[in-house]
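The primary structure of each chain is shown beneath.
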Amino acid sequence: MYQKLIILSFLFLTACSTYQEKNITYQKVLFSNNCNDTFLKEQMQELNQNKDVIFVGLNSGYIARDCMKFKLSNEFFDKVEHSYKYDVDLQSFSAKSTQFIGKTLINDTISDYEGSWYERTMVNIYKGLNFMSLKDFENARVEFNRALMRQEKAKEYFENEIKQQIEQAKKNENYKQNIKENIQVIEKQYNHLFDDFNAQKNYTNPYVTYISSVFFFMDKDYKKAYDLLKEVYIIFNKNEEIDKEFKIFEKYSNSLTPSKLKKYIFIIYENGLSPSLDSFDLTLPFIFENKVVNTSISFPTLKKRNASFEYLKAKNLNDDFKKTQNLFNFDQVVASEFQATLTPKIIKALLSGAIKTGINLTIAKNDSSGVLNLASNIFTILTTKSDLRFWNFLPKNAQIIMLENDGFIEIYNDNNMEIFRQDLDKNKNILILIRSFSKEFPARIYKMEH
């Protein structure tokens, strides 16, 4: 009987993995660019069975977008958004409390992934870009407005809800005895990390605002485009490229006949990959019945990933080559949110460690056979893991350049290799988005016009 219990516990808890293998699978599928319909169908089946909708949907939706399957990509992202709304945002207090208890006793991987705020805004950005590629600017407008709205909601979350989570955790009976002192030890382990990533206390992503302003400019809502770019200009007012674009947007916004003004090519270069998640273990002291017990606890951390080409350069018919300007740092955006949400994560991991250690000590005292004690220790080992789920494919940084549209464009990488060359309709404003994950893989080109 005891053997069966141990085996069943092992099989169940092994399923509660860190998801590192699935992260690797998604990366292999994307980078191979073989656009396997069978794989995407399997992923959609998982969503239809309500299996970890946000984690599966984010990664599969991006893979579909990379394969230029824009409609299918938005079907994945639609399911992600539905899950955000009904399984995360509108979840009842009692459900959240029950889920918190389960996560504390076992770990975060027993529950579906809820996603980060920076991921939520980018879902709507990519849905909007997908609609632009489908020439559906009406639905694209809805998505860019939603992205901007989510960014405002994120500010409220970071100002209020995180404080509430910490205050709630402080009420736990383990807090004073086993949590408070250990928090200070752990937070020191992260100081170098946030210096390295230059984490900030501004939780908005200016890239979301910038690309939304470009959309509204192309959609001929010049006043809104100008107002949005003004927000970006306030942050980057010393940058020549932003200053140049801001003056153009202002001119369009004030013009009574904007249709007679020059047309422009907006080039956005999404470069490399944003940080991945990793974990590290610390052995920490816990006090039980006036005795010190050392316990190993797992904590999440960020791991930088590589950039692709340092820059791109582009020219039209009449001007010289101009380099893209690296303005939007996703490493910083990711690290800033990670830092803001770190204390609740540390508290939860410590509470989990304290509870499991207490259970193990109680069982050890009362289990003469040693079998339950073995099962309890296996349970602790298998569940002392950090949740490493994340959206694998957001860029490391985003770079921009705007050129006058004189009917032609050519784009090269930093090794003077041609990436894109094409004649253009010089009577339109055009967005060209280049996505490069690594120098080893071909760049993906998305051209949108209206």
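Our structure is the block above this text.
Novice: It is not clear to me how the overall build of the protein chain should be interpreted in this structure. Could you clarify?
Specialist: In terms of helices and strands, the protein chain carries 15 helices and 11 strands. By residue count, 54% of the 450 residues in the protein chain fall in the buried class. Counting only carbon and sulfur atoms, one obtains 51% of the accessible surface of the protein chain, whose full area is about 21600 Å².

Novice: I would appreciate a short explanation of the sheet that holds strand β9 (residues 418–423) in the present structure.
Specialist: Paired through their backbone hydrogen bonds, the strands of a sheet run either parallel or antiparallel. One open sheet holds the four strands; their spatial order is β5-β4-β8-β9, and the pairing between them is antiparallel. Looking along the sheet, the strands with just one partner apiece sit at the ends: β5 (322–323) and β9. As paired strands, strand β4 (residues 312–315) and strand β8 (residues 408–413) are joined by four bridges and run antiparallel to one another. Paired with Ala 314 across the two strands is Ile 411, which belongs to β8.

Novice: Honestly, the pattern of salt bridges in this entry has me stumped. Any pointers?
Specialist: Side chains bearing opposite charge may pair, as long as their charged atoms lie close to each other. Under the criterion given, the structure shown has 26 salt bridges. For Glu 75, the salt bridge identified is with Lys 71, shortest N-O distance 3.1 Å. Residue Glu 75 and its partner Lys 71 are both found in helix α5 (residues 70–89); the two are separated by four residues, about one turn of the helix. With a relative accessible area of 32%, Glu 75 lands in the partly exposed category. Two residues, Glu 81 and Arg 150, come together in a salt bridge whose shortest N-O distance is 2.8 Å. In this pair, Glu 81 is assigned in helix α5 and Arg 150 in helix α8 (residues 137–170), connecting sequence segments 69 residues apart. As far as burial versus exposure is concerned, Glu 81 and Arg 150 are alike and both buried. What you see here is one network of salt bridges that share partners, running through Asp 78, Glu 81, Lys 127, Glu 143, Arg 146 and Arg 150.

Novice: Where do I start with the sheet that holds strand β1 (residues 264–271) in this structure?
Specialist: Taken in spatial order, the five strands make up an open sheet running β6-β7-β1-β10-β11, and their pairing is mixed. With partners counted over all chains shown, the strands left at the sheet margins are β6 (325–329) and β11 (444–449), one partner each. Strand after strand, the sheet turns through a mean of 20 degrees between neighbouring axes, direction not considered. One ladder, built from four bridges, connects β6 with strand β7 (residues 397–404); its direction is antiparallel. In the sheet register, Asn 329 faces β7, and the bridge partner there is Asn 397. Relative to β6, helix α13 (residues 330–340) is tilted by about 15 degrees, and along the sheet it contacts β6 and β7.

Novice: Would you take a moment to explain the pairing of β8 for this structure?
Specialist: For β8, a buried count of six out of six residues is recorded, marking the element as mostly surrounded by other parts of the structure. Because side chains alternate across β8, one face comprises the buried residues Phe 408, Glu 410 and Tyr 412, and the other comprises Ile 409, Ile 411 and Asn 413, equally buried. Note that β8 and β9 share five bridges and pair antiparallel. Residue pairing across strands places Tyr 412 opposite Glu 418, the latter belonging to β9. Taking the residues that link successive antiparallel strands as the turn, the β8-β9 hairpin has four residues, and the phi of Asn 416 there is positive, at about 65 degrees.

Rules and cut-offs
- Residues numbered from 1 in each chain as written.
- Predicted model: local features only at pLDDT ≥ 70, side-chain atom pairs only at ≥ 80, totals over all residues.
- Heavy atoms only, no water.
- Helix = DSSP H or I, 4+ residues; strand = E, 2+ residues; numbered from the N terminus.
- Buried < 20%, exposed > 50% of the residue type's maximum accessible area, 1.4 Å probe, protein only.
- Areas by Shrake-Rupley, 256 points an atom, 1.4 Å probe, with all protein chains shown as cover.
- Pairing = 2+ DSSP bridges.
- Salt bridge = Lys/Arg side-chain N within 4 Å of Asp/Glu carboxyl O.
- Axes fitted to C-alpha atoms, helices over the stretch in contact; angles between N-to-C directions.
- Contact = heavy atoms within 4.5 Å.

Everything listed here is a matter of coordinates, which is why it stays silent on function.
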